[in-house]
Amino acid sequence: MPSTLDWLRDRTDAELAALLAARPDLLLPAPGDLSALARRMEAPATVRRAIQQLDAFALQALQALLVLDAVRHGESAGSVAHFLGGPASDDEVAGALDRLHTMGLVRRGGDGYRITPAARDALGHYPAGLGPPSGLTADQIAAALKSVDGGQSALLHRLVPGPPIGMIEPGSAHTAAIATLVDAGLLSRIDDATVQLPREVALALRGDHPLGPALPAAPPLRTTDRTAGTVDAGAAGQALAAHARATRLLDLFGLGAVPALKAGGIGILALRRLAKDLGIDEHLTGLHVELLGLTGLIAPVVPRSGGAGTWIPTQAADTFLASSEEAGWALLADAWLQMRRDPSRVGSRDVTDKVCNALSVELDWRTGPVERHRVLGELAALVPGTAADPDSLVDRLAFRAPLRDPSALAERVTAVLTEATELGLVAFGALAGAGRAVLDHDVEGAAAALQRALPDPIDTLLVQAAMTVLA
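Model, not experiment: these values are computed from the prediction.

### Points about the overall build of the protein
Piece 1. When helices and strands are counted, the protein shows 22 helices and 13 strands.
Piece 2. Its C-alpha atoms give the protein principal-axis dimensions of about 95 × 60 × 55 Å.
Piece 3. Scored against the burial criterion, the 471 residues of the protein give a buried share of 44%.
Piece 4. Nonlocal contacts in the protein, meaning residues at least 24 apart in sequence, comprise 68% of its contacts between residues at least 6 apart.
Piece 5. By element, 56% of the accessible surface of the protein is carried by carbon and sulfur atoms, the whole surface being about 23200 Å².
Piece 6. With 41 positive and 54 negative side-chain charges, the protein shows a separation of 5 Å between the mean positions of the two kinds.

### A closer look at the pairing of strand β4 (residues 188-191)
Piece 1. For β4 and strand β5 (residues 194-196), the ladder comprises three bridges, and the chain directions are antiparallel. Following the sheet pairing, arginine 189 is matched in β5 by valine 195.
Piece 2. Counting the residues between successive antiparallel strands, the hairpin from β4 to β5 contains two residues.

### Points about the environment of leucine 461
Piece 1. For leucine 461, the position within the fold is in the loop between α22 (443-453) and β12 (462-463).
Piece 2. A residue is classified by how much of its surface remains accessible, and leucine 461, at 59% relative accessible area, is exposed.
Piece 3. Each C-alpha atom of the pair leucine 461 and alanine 471 lies 5.0 Å from the other, and the pair is ten residues apart in sequence.
Piece 4. What leucine 461 contacts, discounting residues up to four positions off in sequence, is Val469, Leu470 and Ala471.

### Structural notes on the sheet that holds strand β3 (residues 165-167)
Piece 1. Strand order in this open sheet of three strands is β3-β5-β4, and the pairing throughout is antiparallel. Looking along the sheet, the strands with just one partner apiece sit at the ends: β3 and β4. Taken over all neighbouring pairs, the strand axes of this sheet differ in orientation by 30° on average, direction set aside.
Piece 2. Pairing of β3 with β5, which is carried by three bridges, proceeds in the antiparallel orientation.

### Concerning the packing of helix α13 (residues 228-254) against helix α17 (residues 325-338)
Each packed pair of helices is defined by two parameters, the angle between the axes and the distance between the axes.
Piece 1. At a minimum axis separation of 9 Å, α13 and α17 run at an interaxial angle of 85°. With respect to α17, the element α13 is oriented roughly perpendicular. Of the residues in α17, those touching α13 at Ala239, Leu240, His243 and Ala246 are Glu325, Gly328, Trp329 and Leu332.
Piece 2. Class assignment of the residues belonging to the contact of α13 with α17 gives a composition of five nonpolar, two polar and one charged.

### Some words on the nonpolar core
Considering soluble globular proteins, one finds that nonpolar side chains tend to be buried as a cluster.
Piece 1. In this structure, Phe253, Val289, Trp329, Trp336, Leu376 and Leu425 are the most contacted members of the largest nonpolar core, which totals 67 residues.
Piece 2. When residues in this core are grouped by element, the largest group, eight residues, is from α13.
Piece 3. Ignoring any residue separated from it by four or fewer positions in sequence, one finds valine 289 in contact with Leu249, Phe253, Ile266, Leu271, Leu274, Ile298, Ala358 and Leu359.
Piece 4. Core analysis: the second largest hydrophobic core is formed by 55 residues, Leu59, Ala70, Ala77 and Val93 among them.

### Examining the packing of helix α14 (residues 268-278) against helix α15 (residues 282-294)
Piece 1. The geometry of α14 relative to α15 is characterised by a closest axis approach of 9 Å and an angle of 100° between their N-to-C directions. The pairing of α14 with α15 is recorded here as roughly perpendicular in orientation. Contact with α14, carried on its side by Ile268, Leu271, Arg272, Leu274, Ala275 and Leu278, involves Glu282, Thr285, Gly286 and Val289 of α15 and no other residues of that element.
Piece 2. Partitioned by chemical class, the residues of the contact of α14 with α15 number six nonpolar, two polar and two charged.

### Comments concerning a nonpolar patch on the surface
Piece 1. Together, Leu461, Val463 and Val469 give the surface a local cluster of nonpolar side chains, amounting to about 320 Å² of exposed area.
Piece 2. By the secondary structure assignment, valine 463 is in strand β12.

### What about the side chain of threonine 386?
Piece 1. Relative to the helices and strands, threonine 386 resides in strand β9 (residues 386-388).
Piece 2. For threonine 386, a relative accessible area of 13% puts it in the buried group.
Piece 3. In this structure the side chain of threonine 386 is engaged in a polar contact, spanning 2.8 Å, whose partner is the backbone oxygen of valine 383.

### Quick word on the environment of glutamate 42
Piece 1. Residue placement: glutamate 42 occurs in helix α3 (residues 34-42).
Piece 2. Using a relative accessible area of 43% as the deciding quantity, one classes glutamate 42 as partly exposed.
Piece 3. Put simply, glutamate 42 and glycine 104 are 62 residues apart on the chain and 9.4 Å apart in space, counted from C-alpha to C-alpha.
Piece 4. Dropping the residues within four chain positions of it, glutamate 42 is found in contact with Thr4, Val47 and Ala118.

### Brief notes about helix α7 (residues 90-102)
For an α-helix the count is 3.6 residues per turn, leaving residues at separations of three or four pointing the same way.
Piece 1. Between its first and last C-alpha, α7 extends 18 Å over 13 residues, near the 18 Å set by a 1.5 Å rise per residue.
Piece 2. Among the residues making up α7, those that are buried are Val93, Ala94, Ala96, Leu97, Leu100 and His101. Summarising the axial view, the buried residues of α7 lie within an arc of 160°, below the 170-degree limit, and thus occupy one face.
Piece 3. Turning to α7, the residues buried within the fold contact α1 (4-9), α5 (56-67), α6 (77-84), β1 (106-109) and β2 (112-115).
Piece 4. A positive phi of about 80° marks glycine 104, the residue just after α7.

### Some points on unusual backbone geometry
Piece 1. In this model, leucine 28 is joined to proline 29 through a cis peptide bond whose omega is -10°.
Piece 2. Residues glycine 86 and proline 87 are joined by a peptide bond in cis, for which omega reads 5°.
Piece 3. Inspection of the secondary structure puts proline 87 in the loop between α6 and α7.
Piece 4. Even without glycine at this site, phenylalanine 428 takes up a positive phi of about 55°.

Conventions we followed
Residues numbered from 1 in each chain as written. Predicted model: local features only at pLDDT ≥ 70, side-chain atom pairs only at ≥ 80, totals over all residues. Heavy atoms only, no water. Helix = DSSP H or I, 4+ residues; strand = E, 2+ residues; numbered from the N terminus. Buried < 20%, exposed > 50% of the residue type's maximum accessible area, 1.4 Å probe, protein only. Contact = heavy atoms within 4.5 Å. Areas by Shrake-Rupley, 256 points an atom, 1.4 Å probe, with all protein chains shown as cover. Lys, Arg positive; Asp, Glu negative; His and termini not counted. Charge placed at Lys NZ, Arg CZ, Asp CG, Glu CD. Pairing = 2+ DSSP bridges. Axes fitted to C-alpha atoms, helices over the stretch in contact; angles between N-to-C directions. Parallel < 35°, antiparallel > 145°, perpendicular 65-115°, else oblique. Nonpolar A, V, L, I, M, F, W, Y, C, P; charged D, E, K, R; others polar. Core = buried A, V, L, I, M, F, W, Y, C linked by side-chain atoms within 4.5 Å. Patch = residues over 30% accessible without salt bridge, like charges linked within 9 Å, V, L, I, M, F, W, Y side chains within 5 Å. Salt bridge = Lys/Arg side-chain N within 4 Å of Asp/Glu carboxyl O. Polar contact = N/O pair within 3.5 Å; in protein donor to acceptor, adjacent residues only side chain to side chain. Expected span 1.5 Å × (residues − 1). Arc of directions from axis to C-beta.

What follows is the structure, encoded as structure tokens:
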């Protein structure tokens, strides 16, 4: 396999541009020459970051190369497709491998495709949940599997999805069965309390799709047509409500009734009082408070004499209140999209069983902007006025980035959609026109879109015969 530097030297200008477009982190800071770029491409952190960007299909193709030992020798796209077991075709697998080649994770040569050593190491000790090979042949495994009983088979299947490591508790009722499996070569012993499922055995038990069905495209979204006018009108009404809540919170903070914690932030009891006044739950109240803090509309003040401080409005709050509702809302909505904090965790407890307070450091969420763009980006790709089913949205995002903590994906999607709906970017499960402008970081365009979605102001009254007035 050619070195990374030699591989870079063989790239055309267009191919180098495609590499940097696929892995933009390689440009920060700009490398001085190809040697510096080659060293950066082989750095473990940048390789892991590139692999985390892969969708499920590309990740399967990369893992297949590693399982097939395509480091010492090349593998054709047909052999990789045969290993994966479909339904992806040879051409679709070749397309995925070519994309990996563009990213520098795979080398394409005369003997086929090879995985780079850096990508191999980044996949970890148990790629695709598989242990190391043991050298058993298919016939040996088949013969050994015929001799196992139901209980022994169940023990093996526990380790099949991965990780392939099993712990044996002292005095376990399964000790004898595990010993039998070790003697048969179906398990390998690491130490007295730990066993491992060999790669060949796991592949035999996984069947025709050892890495799962090879699906070349993301699962489709289940959608409902809400019409663009309905979505924009509903979102506009909620946007005004969100602005009104921000205004009300500034009034409450102006009364000096919100104490500041010594460790930073606002205590849960104070937040509950604010939530009761606004008539919404603690999560959404925390959202609005976080936005006020992020935009600099409130700040903590500590008395000169010491003691507990309070959160009060800043001079920026005067400018905010003097601006139009549309402009104020657009400011808050854009701040939410870029916020590196997680208001959905307000009131929850961290790993040390400490309560996560609003405006405290415990709510830091570095990938918050990326995750919000991921969710809303899927909605933006739909025809305006089209709503997406949340469960299908989770499945689609799981395919897009399978290595991004899938266990918490559903909660993140729910939190993002809830907050986007509360702020008026989303209505009825669809992205509003003003929300699309916010997603493009067009603050003025978002304010204009909101203004267009709102009905014309009415300054007349209807006096009725019953001595009542309708406004």
